[in-house]
Amino acid sequence: MEAMGLWKAATRRFGGAGVAGRWRRDIVAVALAVSAVAVLLSFSAPYPVSVWFLLPSAGTGGDSSSEGSLLPPPSLSAFRQYQERVASAPTPPPSLSIAPLSSLDANSDDEEVEDSDADLKIPPLWRESLDTSNSTDSTATTVPPPVVASPPPPISKPDAVGVKSRNVEPKVSPLLPEVPVWLMSPHQQLIYAKREIDRAPLVLNDPDLYAPLFRNVSVFKRSYELMERILKVYIYKDGSRPIFHSPDLKGIYASEGWFMKLMEGNKQFVVKDGNRAHIFYLPYGARQLELALYRPDSHNINELLIFLRDYINMISAKYPYWNRTRGADHFFVACHDWGPYTTKLHDEFRRNTIKALCNADVSEGVFIRGKDVSLPETYIRTPRRPLRDVGGKPVSQRSILAFFAGQMHGRVRPILIQYWRGKDADMRIYESLPHRAAKKMSYIQHMKSSKFCICPMGYEVNSPRIVEAIYYECVPVIIADNFVLPFDEVLDWSTFSVVIAEKDIPNLKDILLKIPLRRYITMQMNVKKLQKHFLWHAKPVKYDIFHMILHSVWFNRLNQIQV
């Protein structure tokens, strides 16, 4: 209605008899039409319309002779065609560097680049920023994107491919356009994240992260920030209960159930469109798999292996995602001891998938350090109160040097009992907690009153006692050869735990007594600082165990990306 009113007013103002009136009306009509189109484009175009008139023609390399020339507006179809070509492009060459805008070389416009896509109109906003040092118009504005792809460095070696002599400038790969992160393909986003982590800014005093706990707190913080900003997870809906989508939240295998529950209920990371995802979650429980398919006392798990092999074959035939990477961007979470073995009938499942396992034993050739994730084994007694009993006594009230009580599983515990049960008053080592001792002090109270909590492996390398020790602020003493400790890719376990080789069990007391008091106090304080990274919450909080597990999957996925 407003446009019609403007039209009538304009015709009354400029209208008149004869030819003069008609051409005036025509001019007004054209002007109004152009204005309407410009307004429409300003709201619907995927890039600012104003940049068409601000930047010189593409392909001139920023040459001053082209200053002031107008670019024809790129069509939306060409833009979409370009997006498809970027999404389908192969992995960039090693020379590709994705950098923040501030790292661009101001003189990069002078470089000549062979552009194999010269016939494709690319939005000017996505080309390299122009050198505006000679501009006299202080009101001119540029609209730089938040992330850009800078040109690869020139090849300087005389024997490099494509170089004929020292005086000949080599041909380089075509430049990738300046693309905001949200417009990159998932693979390009992973490359960007990996490069950003490689040049992480130094972190000095972060109130939420205690630096001594980490191998490199700056790298961890930058990686975590990028995970929160970029990571998208696709969860397969296929699979029936109780094996799929049915988390078990209680017992020693609760880690896989809690992760499943919180991952499937997450809205920040989970996407419904697999084409937007960076990693793909296989939502089954190894404990539920055992309960549903294993025949007690049969000592045969082939039925479980066949079931998972058929499941992987089904999703790889039904969806395109598995076959794109042969499963390298897929992951599952299993705390059951059988978790690693259930992958053996499917070669890609066993070799390529990111496995988050409590049974993180490198000696068996299934768990691969740097690709797979060591999952903490958390014993949850009350799912409605997962943080029950968390906390411990101060150092001055810890009168017991070392404590262990547990069943005789595996190869290590019998040796521990053989050397230390009933042999020394400072070493409270029990096969099971005696009734007389339990009446005076419960199992949990023993851990809260001990300086060191002995955590020997059971049937497999992990033990819930490691996380229990952290919960009760007791320094864990880990005895399990070939065990990759939880979150080993980011945590420095030497600052808050003691790792002892199985062969050194006879010297256990001497090793513990040789730790200076000052160092012990520091280690015990570090355990208290570490505690928040191992806590489950009904609603996940920053840096808790849910986010730490997801971060390890994200971090190890980035390790596989070749840049």
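Here the structure is a predicted model, which means the values were calculated and not measured.

Along its length, the protein chain carries 18 helices and 13 strands. Counting all 563 residues of the protein chain, 48% fall into the buried class. Put simply, of all contacts in the protein chain between residues at least 6 apart along the chain, 71% involve residues at least 24 apart. Accessible surface computed for the protein chain: about 28800 Å², of which carbon and sulfur atoms make up 53%.

Following both chains from N to C, one finds helix α6 (residues 217-230) and helix α18 (residues 545-560) inclined at 95 degrees, their axes separated by 10 Å at the closest point. Comparing their axes, α18 and α6 come out roughly perpendicular. Residues V219, F220, S223, Y224, L226, M227 and I230 of α6 lie in contact with α18, whose contacting residues are H547, M548, L550, H551, W554 and F555. Residue classes in the contact of α6 with α18 are distributed as ten nonpolar, three polar and no charged.

Scanning the entire structure with this criterion turns up 23 salt bridges. Salt-bridge contacts for E303 lead to R295; the nearest nitrogen and oxygen are separated by 3.9 Å. Via salt bridges that share partners, E196, R199, D206, K221, R222 and E225 belong to a single interconnected network.

Time to look at the state of the cysteines. Taken as a whole and assessed by the stated rule, the structure comprises two disulfides. Across the disulfide from C335 sits C358; the S-S distance is 2.1 Å. Taking the torsion about the sulfur-sulfur bond, which here is approximately -90 degrees, the covalent link between C335 and C358 counts as left-handed. Of this pair, C335 sits in the loop between β6 (330-334) and α11 (347-351) while C358 sits in the loop between β7 (354-357) and β8 (373-374), and the two are 23 residues apart along the sequence. Of the two residues, C335 and C358, neither departs from the other in class, the shared state being buried.

So, about the pairing of β7. Residues I354 and A356 line one face of β7 and the alternating positions K355 and L357 line the opposite face, and both faces are buried. Of the pairings in the sheet, the one linking β6 to β7 comprises four bridges and is parallel in character. Along β7, the bridge assignment pairs F332 with K355. Across two bridges, β7 lies against β8 in parallel orientation. The residue bridging L357 from the neighbouring strand is S374, located in β8.

What follows deals with the sheet that holds β7. Pairing within the open sheet is parallel, and its six strands lie in the order β4-β3-β5-β6-β7-β8. Sheet topology places β4 (270-271) and β8 at the edges, where each strand pairs with a single neighbour.

Core analysis: the largest hydrophobic core is formed by 137 residues, its most contacted members being V233, F259, F452, I454, W536 and L550. Top contributing element to this core by residue count: α18, with eight residues. Here W536 is in contact with S255, W258, F259, L262, T378, I380, P386, L387, Y471, I545, F546 and I549, once residues within four sequence places are set aside.

A few words on the packing of aromatic side chains. Evaluation of the coordinates by the stated rule reveals 29 aromatic pairs. Consider the rings of Y224 and Y543, whose centres lie 4.4 Å apart with planes at 40 degrees: the pair is tilted. Residue Y224 is located in helix α6, and its partner Y543 is located in the loop between α17 (517-530) and α18; the two are separated by 319 residues in the primary sequence. Grouping residues by exposure puts Y224 and Y543 together as buried. Ring centres of F332 and F349 lie 5.4 Å apart, and the angle between their planes is 50 degrees; this geometry places the pair in the tilted category. Of this pair, F332 sits in strand β6 while F349 is found in helix α11, placing the two residues 17 residues apart along the sequence. Just as F332 is buried, F349 falls in that class too. One aromatic cluster is present, formed by F244, Y284, F307, Y311, W322, F332 and F349 through successive ring pairs. Of note, K529 hangs over the ring of Y210, and the distance from its end group to the ring centre comes to 5.2 Å.

Turning to helix α8 (residues 286-293), a few remarks are in order. Within the sequence span of α8, burial applies to A286, Q288, L289, E290 and L293. At its buried positions, α8 is contacted by α7 (254-264), α9 (302-318) and β6.

Residue placement: S552 occurs in helix α18. Those residues in contact with S552, other than ones at most four positions away along the chain, are V373, F487 and E489.

The next subject is the side chain of S497. For S497, the location among the structural elements is in the loop between β12 (475-479) and β13 (498-499). Within polar-contact distance, the side chain of S497 engages the backbone oxygen of W493 at 2.7 Å. Aside from chain neighbours lying at most four places away, what touches S497 is V475, P476, I478 and M523.

The subject of this paragraph is the confidence of the model for the protein chain. This prediction gives the protein chain a mean pLDDT of 80; 71% of its residues lie at or above 70. The low-confidence segment residues 45-75 (pLDDT under 50) makes 43 contacts with residues lying over four places distant or belonging to another chain. Between residues 91-177, whose pLDDT stays under 50, and residues either more than four places distant or in other chains, the model counts 140 contacts.

Reading the values: the criteria
- Residues numbered from 1 in each chain as written.
- Predicted model: local features only at pLDDT ≥ 70, side-chain atom pairs only at ≥ 80, totals over all residues.
- Heavy atoms only, no water.
- Helix = DSSP H or I, 4+ residues; strand = E, 2+ residues; numbered from the N terminus.
- Buried < 20%, exposed > 50% of the residue type's maximum accessible area, 1.4 Å probe, protein only.
- Contact = heavy atoms within 4.5 Å.
- Areas by Shrake-Rupley, 256 points an atom, 1.4 Å probe, with all protein chains shown as cover.
- Axes fitted to C-alpha atoms, helices over the stretch in contact; angles between N-to-C directions.
- Parallel < 35°, antiparallel > 145°, perpendicular 65-115°, else oblique.
- Nonpolar A, V, L, I, M, F, W, Y, C, P; charged D, E, K, R; others polar.
- Salt bridge = Lys/Arg side-chain N within 4 Å of Asp/Glu carboxyl O.
- Disulfide = S-S within 2.5 Å.
- Pairing = 2+ DSSP bridges.
- Core = buried A, V, L, I, M, F, W, Y, C linked by side-chain atoms within 4.5 Å.
- Phe/Tyr/Trp six-rings, centres within 6.5 Å; stacked < 30°, edge-to-face > 60°.
- Lys NZ or Arg CZ within 6 Å of the ring centre and 35° of its normal.
- Polar contact = N/O pair within 3.5 Å; in protein donor to acceptor, adjacent residues only side chain to side chain.
- pLDDT = per-residue confidence, 0-100.

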